[in-house]
Amino acid sequence: MKKLLLILGLSAIITSGCQTYEERVKEYTEKELSEKYGEEFEMTSMKKDYGMGSTLIIVLMAIFGDTRLLEFESKEDDFTFTGSIESRLKNFEDEYIRDKHEYLSENDQEYKGLMADLEGEGIDYLEVVEETHLEDRLGSEEPVITYRASTDVDEFDADKVVSLLNSMREKMAPVQTKAVLQLEEGQNKHLFGPFGSGDEASFSEEVNNYFKFKEDENKLDLNEELYELVSSLSYDYQPRLVMAKAEHVDFLEESGSVNPYYYIEMATDSPSAALPVIQYLQENGYGAYPISSTNMFNLEEEPLCTVQDMKAREDFDRCFPPEEE
């Protein structure tokens, strides 16, 4: 009898010191969220992810899947948001930023006003999310908020837009955050940033550079005078102004930049034919652009010269040195 009581007592002590899996998830995720966003949160539910699709997929997910879908409640703003985690407390992801934006856009009058002002600047659509891959790429320890916006206007007031986005960003959480703007024009998507308090000028400069590029690109593409010059020289490559995404430019990707890169691409193997074309570009406002003789969709090194640096035959050897074998 004494042995039985001893075993039961030890069992009770051991059991009382063990957490259930849900309790461990709750403790871990609440601590992670509090450190990340500077607020207090409570995990209110956890359920297994059974997936979507055919009955077979759902059955397989039930047997082998290890992802749990979570729901949290903010004690500060009284709103709920979702998250997910895998077994052994791996790959915890939360939708705090996305759901906080939705909550504020429905319940906060000042936030609604900021969104209305953005619409007045030509920002027709806005989705706000956190993309952790950008945090890794930028080397940021702060949450990076992505504003996905679309616009049909040729140009907007970049200073005003970044001011509005910063005001929205600051209402997200009581901790320091960074943000990027993903501007969608048709099928094209362009990233600008990151920006936070004090970064307004650099952001505006990047956006205005983009607007200038679009204007210059259109002028170059439709330039009949340049086309006639190229034809008269038997120059077989029409120069073009190109925008390369940062992820396609090796030296930008290594630096963590997300901003696009603009350059003039043209054939340079015949300096006598290329120089008159370069002179035309210099005289018509394209002198500040870097110049490359290669396809920069996957550029490894930054161009050595700009269009305005190209004055004479010897500049070709300096700006386009032969590749070392």
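Residues numbered from 1 in each chain as written. Predicted model: local features only at pLDDT ≥ 70, side-chain atom pairs only at ≥ 80, totals over all residues. Heavy atoms only, no water.

**Overview of the overall build of the protein chain**
Within the protein chain one finds twelve helices and eleven strands. In the protein chain, buried positions account for 41% of the 325 residues. Accessible surface for the protein chain amounts to roughly 18,600 Å². Of this, 47% is attributable to carbon and sulfur atoms. (Helix = DSSP H or I, 4+ residues; strand = E, 2+ residues; numbered from the N terminus. Buried < 20%, exposed > 50% of the residue type's maximum accessible area, 1.4 Å probe, protein only. Areas by Shrake-Rupley, 256 points an atom, 1.4 Å probe, with all protein chains shown as cover.)

**Some points on the state of the cysteines**
When the sulfur atoms of two cysteines share a covalent bond, that bond is a disulfide. The tally for this structure, following the rule as stated, stands at one disulfide. Across the disulfide from Cys305 sits Cys319; the S-S distance is 1.9 Å. In this structure, the disulfide formed by Cys305 and Cys319 twists by about -85 degrees around the S-S bond and is classed as left-handed. Taken together, the residues Cys305 in the loop between strand E11 (291-292) and helix H12 (314-319) and Cys319 in helix H12 connect sequence positions 14 residues apart. (Disulfide = S-S within 2.5 Å.)

**Structural notes on the packing of helix H7 (residues 158-170) against helix H8 (residues 200-221)**
One way to put it is that H7 packs onto H8 with a least axis distance of 9 Å and a crossing angle of 130 degrees. Taken together, the axis directions place H7 and H8 in an arrangement best described as oblique. Between H7 and H8 lies a crossing of right-handed hand. Within the contact between the two elements, H7 uses Ala158, Asp159, Val162 and Asn166 and H8 uses Glu200, Phe203, Ser204, Val207 and Asn208. Here the residues of the contact of H7 with H8 are counted per class, giving four nonpolar, three polar and two charged. (Axes fitted to C-alpha atoms, helices over the stretch in contact; angles between N-to-C directions. Parallel < 35°, antiparallel > 145°, perpendicular 65-115°, else oblique. Left-handed = near helix turned anticlockwise from the far one by under 90°. Contact = heavy atoms within 4.5 Å. Nonpolar A, V, L, I, M, F, W, Y, C, P; charged D, E, K, R; others polar.)

**Section: the packing of helix H4 (residues 96-107) against helix H5 (residues 109-120)**
Helix packing for two helices is described by the angle between their axes and how far apart those axes are. With their axes 6 Å apart at the nearest point, H4 and H5 run at an angle of 95 degrees to one another. Considered as vectors, H4 and H5 are oriented roughly perpendicular to each other. Only Gln109, Tyr111, Lys112 and Met115 of H5 make contact with H4, whose side of the interface consists of His101, Leu104, Ser105, Glu106 and Asn107. Grouping the amino acids of the contact of H4 with H5 by side-chain chemistry returns three nonpolar, four polar and two charged.

**As for the side chain of Asp315**
In this fold, Asp315 is placed in helix H12. With relative accessibility at 10%, the residue Asp315 sits in the buried group. Here the side chain of Asp315 touches Lys311 through a polar contact of 2.6 Å, landing on its backbone nitrogen. Those residues in contact with Asp315, other than ones at most four positions away along the chain, are Asp309, Met310 and Phe320. (Polar contact = N/O pair within 3.5 Å; in protein donor to acceptor, adjacent residues only side chain to side chain.)

**Points about the confidence of the model for the protein chain**
Looking at the protein chain, the pLDDT average stands at 81 and 83% of residues meet or exceed 70. Note on residues 4-16: pLDDT under 50 across the span, and zero contacts to partners over four residues away in sequence or across chains. This model gives residues 52-65 a pLDDT under 50, and the stretch forms 14 contacts once residues within four places in sequence are excluded. (pLDDT = per-residue confidence, 0-100.)

**Observations regarding the environment of Glu73**
Here Glu73 shows up in strand E2 (residues 67-74). Note: C-alpha distance between Glu73 and Met43 (30 residues apart in sequence) is 6.4 Å. Beyond its immediate sequence surroundings of up to four residues, Glu73 is in contact with Glu40, Phe41, Glu42, Thr44, Asp78, Phe79 and Thr80.

**Considerations on the nonpolar core**
A general trend in soluble globular proteins is that nonpolar side chains are found buried together. Among the nonpolar cores identified, the biggest contains 65 residues, and Tyr147, Ile264 and Ile291 are the most heavily contacted of them. When residues no more than four places from it in sequence are discounted, the contact partners of Ile264 are Leu220, Arg240, Leu241, Leu281, Tyr286, Tyr289, Pro290, Ile291, Ser292 and Val307. Core analysis: the next-biggest nonpolar cluster, separate from the first, contains five residues, Leu134, Val144, Val180 and Val258 among them. (Core = buried A, V, L, I, M, F, W, Y, C linked by side-chain atoms within 4.5 Å.)

**Looking at the pattern of salt bridges**
This model, assessed by the stated rule, comprises 19 salt bridges. In this structure, Glu121 engages Lys160 in a salt bridge whose closest nitrogen and oxygen atoms are separated by 3.5 Å. Residue Glu121 is found in the loop between H5 and strand E5 (123-130), and its partner Lys160 is found in helix H7; the two are separated by 39 residues along the sequence. Classification of Lys160 as partly exposed rests on a relative accessible area of 38%. Across the pair Glu170 and Arg169 runs a salt bridge, and its minimum N-O distance is 3.7 Å. Residue classification places Glu170 among the partly exposed positions, given a relative accessible area of 46%. (Salt bridge = Lys/Arg side-chain N within 4 Å of Asp/Glu carboxyl O.)

**Focus: the environment of Lys171**
Mapped onto the fold, Lys171 is located in the loop between H7 and strand E7 (178-185). Within the structure, the side chain of Lys171 is placed 3.4 Å from the side chain of Glu110, a separation counted as a polar contact.

**Section: the environment of Phe195**
Along the chain, Phe195 falls in strand E8 (residues 188-195). The spacing of Phe195 and Ile145 is 50 residues in sequence and 9.7 Å in space, taken between C-alpha atoms. Once residues lying within four places of it in the same chain are set aside, the contact partners of Phe195 are Tyr147, Val162, Leu165, Asn166, Arg169, Lys178, Ala179, Val180, Leu181 and Phe203.

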